[in-house]
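Here are the chains, one letter per residue:
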Amino acid sequence: MKKWILILLLLAVIVGMVFLFSDRPQGKVEKTERFQDSVSTFRDRTVEEIRTDGIDILLSGKSLRNFGYDIRLNDDLKLLCPERFLEDILGCSILRYSNGDVLVERGNTRIRLFPESKKAEIDGVVTELSAGYIYDEARESLYLPMEELLSAMGYRASFSYIDKTVEVEEVVAVSPLPGKYDMREKGRVTPVRDQGRYGTCWAFASLGALETTLMPYEENIYSTDHMAMNNSYKLELTKGGEHTMSIAYLAAWQGPVYEADDPYGDGKSRDDLTAVKHLEEAIVIGKRDDDIIKSAIYRYGGVETSLYLEMEYTGYASQYYNEDTASYYYVGEKTPNHDVVVVGWDDSWPKENFSIMPPSDGAYICKNSWGTEFGDEGYFYVSYADVNLCGQSIVYTKLGEPDNFDHIYQSDLLGWVGQLGFSRPEAFFANCYTAERDETLAGISFYATGPDTSFSVYYVADASTPEDLNNRELLLSGETRYAGYYTVDIPEPPELTKGQKFAVVIEAITKGSTNPIAVEYVADERSKYADISDGEGYISLYGEVWNRVEDKGCNLCLKVFTKNR
């Protein structure tokens, strides 16, 4: 009985409490006047912290931090990625037009972005994005809305504020390359030119490829006469040349100059002209790989390369050339004797178009330098099966304005002539210089002599003796995917004082190489003008004991760029 009485009392208490509290007004959370200020403060602090520390990209779990892709957050906390990330990693073609439009292509996906707008046209459908693109004048780079562009191309980008990482995953696997691509249809080529009877095809191919780097946004015609006659190799026009001479001329700020200022074919060249652009990067594809070559054309521009042409000039006949279809296919044992620019491809170009039938369809579209009367208005089709084409290919991937740096320190005017090392993939190398004014150390350049090169850049404030090179300060580290010429900006430039003897040290590891250091030296008759009296360079296996390279008859290919203070 007592048990039931207790139960009834407990129920009565519960019912009473329900009635008591049900008469009270319901509680709710209200935003105070300071709420929005707190949100803004939190957002600003988050953005500032992320901008200070940077955002790392994880692709299939691998960090891409050492490749230096500058991922940004805009004021609305939306991710923006640099165009180089989309080009290098996803294989996109990104074209900037003079009206401000930006075209992003990958495989069959086409995305057009509009200036000062969040609108975009994705595969013909106009849509509103969460962010528009911006152009960073200082970095000369586009920054594009990352998450939505990746989503349209079959990827997912997941951002972690805590870890400061963006994890990129492929959701839908598609080929990044179309079956046919022609730079002529995209407004990415300059007019066909005529070298005449001079041996200047190498300069026409180099500058023809270089001219595509900034197109279609900016079209310039550069002087072939100046490149051929004002480089440090000092060869006669009939002697020919190659890409190492072109890169050396451009990297030394000897050019390019405009064709209008130094016209071709008059037998003379001006030596009072200064470079109107600065080469910052050129990659070298050391062997034939069609996927890499096509991707380079699609992403960066025309590819300079060599092949064997049996014809000496337009109007000559060859058993390997079908004049009616402008198609060429060589199957002999001759080595390359002519340079051209590859500006596209067609996987379906019929094998029946060739005078000697190759084993399969497909051809590269090449721009020649024999005038518009040759081939298809100056262009011709070279079979994928050609034995020489693209045995080595060069792509000029980054071209800067002439005021990106104020001064250059260098001792390697002939560029990458040979290589040096310790029969191992790793080595240290250093160049010493004396500051000519009060300035800042704003950048350096060097050659990666093979693919998959990792590097670290160090600064030595006082390089009075070789032993001082051990007192170095790490400035940055990075990686390169291909061999080639690279310029590296220094994020926090050290200050230099006039008369100060300083040094830059590079630690390089090039997988599969035994001599990872590019050097200038007298290797043959062509490189006889190498001057090793103008440098002070050192190499070391472990960065402890240093050997003077001039004692070995070399100059290191390591340049320093400064800005005035």
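Residues numbered from 1 in each chain as written. Predicted model: local features only at pLDDT ≥ 70, side-chain atom pairs only at ≥ 80, totals over all residues. Heavy atoms only, no water.

Student: Can you help me understand the overall build of the chain in this one?
Tutor: Looking only at helices and strands, the chain has 8 helices and 36 strands in total. Dimensions along the principal axes, computed over C-alpha positions, put the chain at roughly 120 × 65 × 45 Å. Residues counted as buried form 52% of the 565 residues belonging to the chain. At a minimum sequence separation of 6, the contacts of the chain that also span at least 24 residues come to 73%. A total of about 26,500 Å² of accessible surface is found on the chain, and carbon and sulfur atoms cover 49% of it. (Helix = DSSP H or I, 4+ residues; strand = E, 2+ residues; numbered from the N terminus. Buried < 20%, exposed > 50% of the residue type's maximum accessible area, 1.4 Å probe, protein only. Contact = heavy atoms within 4.5 Å. Areas by Shrake-Rupley, 256 points an atom, 1.4 Å probe, with all protein chains shown as cover.)

Student: Mind showing me how you'd approach helix 7 (residues 243-251) here?
Tutor: Helical periodicity: at 3.6 residues per turn, an α-helix aligns residues three or four positions apart in one direction. Of all 9 residues in helix 7, 9 are buried, a share of seventy percent or more. The set of residues buried in helix 7 consists of H243, T244, M245, S246, I247, A248, Y249, L250 and A251. Count one or two residues on from helix 7 and you reach W253, which has phi positive near 65°.

Student: Is there a simple way to explain the pattern of salt bridges in this structure?
Tutor: When the charged atoms of two side chains lie near each other, side chains of opposite charge can form a pair. Under the definition given, this model contains 28 salt bridges. For the salt bridge of E87 with R84, the shortest nitrogen-to-oxygen distance reads 3.5 Å. On the criterion of helical spacing, the pair formed by E87 and R84 is a turn pair, its members being 3 residues apart in helix 3 (residues 83-88). The same class applies to E87 and to R84, which are both buried. (Salt bridge = Lys/Arg side-chain N within 4 Å of Asp/Glu carboxyl O.)

Student: Explain the packing of aromatic side chains to me, please; I cannot follow it from the model alone.
Tutor: Given two aromatic rings, one states the distance between the centres and the angle between the planes to describe the pair. Counted under the stated rule, the structure contains 27 aromatic pairs. When the centroid spacing of 6.3 Å and the interplanar angle of 80° are considered together, the rings of F428 and W546 count as edge-to-face. Residue F428 is located in strand 25 (residues 426-434), and its partner W546 is located in the loop between strand 33 (537-540) and strand 34 (547-548); the two are separated by 118 residues in the primary sequence. Here F428 and W546 have matching classes, each one buried. Cluster of aromatic residues (ring-pair linked, three or more members): Y313, Y321, W370, F374 and F380. Note that K234 overlies the ring of Y529, its terminal NZ or CZ placed 4.7 Å from the centroid. (Phe/Tyr/Trp six-rings, centres within 6.5 Å; stacked < 30°, edge-to-face > 60°. Lys NZ or Arg CZ within 6 Å of the ring centre and 35° of its normal.)

Student: What's the story with the side chain of E87 in this structure? I'm lost.
Tutor: Overall, E87 belongs to the buried group, its relative accessible area being 6%. Residues contacting E87, with those up to four places away along its chain left out, are C92, I94, R299 and Y300.

Student: What exactly am I supposed to notice about the sheet that holds strand 1 (residues 56-59) here?
Tutor: Backbone-to-backbone hydrogen bonds join strands into a sheet, with any given pair of strands oriented parallel or antiparallel. Spatial ordering of the open sheet is given by 2-1-13-12, a layout of 4 strands whose pairing is mixed. If you trace the sheet from one side to the other, it starts and ends with strand 2 (62-63) and strand 12 (155-160), each paired once. In this structure, strand 1 lies alongside strand 13 (residues 165-170), joined through 4 bridges in parallel fashion. The residue bridging D56 from the neighbouring strand is T165, located in strand 13. (Pairing = 2+ DSSP bridges.)

Student: Help me understand the sheet that holds strand 33 in this model?
Tutor: An order of 28-27-31-25-33-34 is seen for the 6 strands of this open sheet, with the pairing classed as antiparallel. Two strands bound the open sheet, and with one partner strand each, they are strand 28 (473-480) and strand 34. Across 7 bridges, the pairing between strand 27 (residues 453-460) and strand 28 is antiparallel. Note on strand 28: the bridge partner recorded for F455 is G478.

Student: Hey, could you run me through unusual backbone geometry in this one?
Tutor: Negative phi values dominate among residues other than glycine, just as trans dominates among peptide bonds. A cis amide bond, omega 5°, links M215 with the succeeding residue P216. Counting through the fold element by element, P216 comes out in the loop between helix 5 (201-211) and helix 6 (224-229). With phi around 50°, E140 is a residue other than glycine that occupies positive phi space. Tracing the chain through its elements places E140 in the loop between strand 10 (134-136) and strand 11 (141-145).

Student: Just to check I follow, could you spell out the environment of S355 for this structure?
Tutor: By the secondary structure assignment, S355 is in the loop between strand 19 (338-346) and strand 20 (363-367). Taking C-alpha positions, S355 is 50 Å from Q410, a pair spaced 55 residues apart along the chain. Sequence-distant contacts of S355, that is, excluding residues within four places in its chain, are made with Q319, Y320, Y321 and N322. At a separation of 2.6 Å, a polar atom in the side chain of S355 contacts the main-chain carbonyl oxygen of Q319. (Polar contact = N/O pair within 3.5 Å; in protein donor to acceptor, adjacent residues only side chain to side chain.)

Student: What is the right way to look at the nonpolar core in this model?
Tutor: Generally speaking, a soluble globular protein has its nonpolar side chains buried in company with each other. One finds L279, Y328, F380 and Y396 to be the most contacted residues of the largest nonpolar core, which totals 85 residues. In contact with L279, other than residues within four places in its own chain, are L210, I247, L250, A251, Y396, K398, L399, Y485 and T487. Within the second largest apolar cluster, 32 residues are counted, among which are I55, I57, I94 and F159. (Core = buried A, V, L, I, M, F, W, Y, C linked by side-chain atoms within 4.5 Å.)

Student: What am I meant to see in a nonpolar patch on the surface here?
Tutor: Residues V171, V172 and V174 make up a contiguous nonpolar surface patch of roughly 230 Å² in combined accessible area. Mapped onto the elements, V174 comes out in the loop between strand 13 and strand 14 (180-182). (Patch = residues over 30% accessible without salt bridge, like charges linked within 9 Å, V, L, I, M, F, W, Y side chains within 5 Å.)

Spatial relationships are all this shows, so hold off on functional conclusions.
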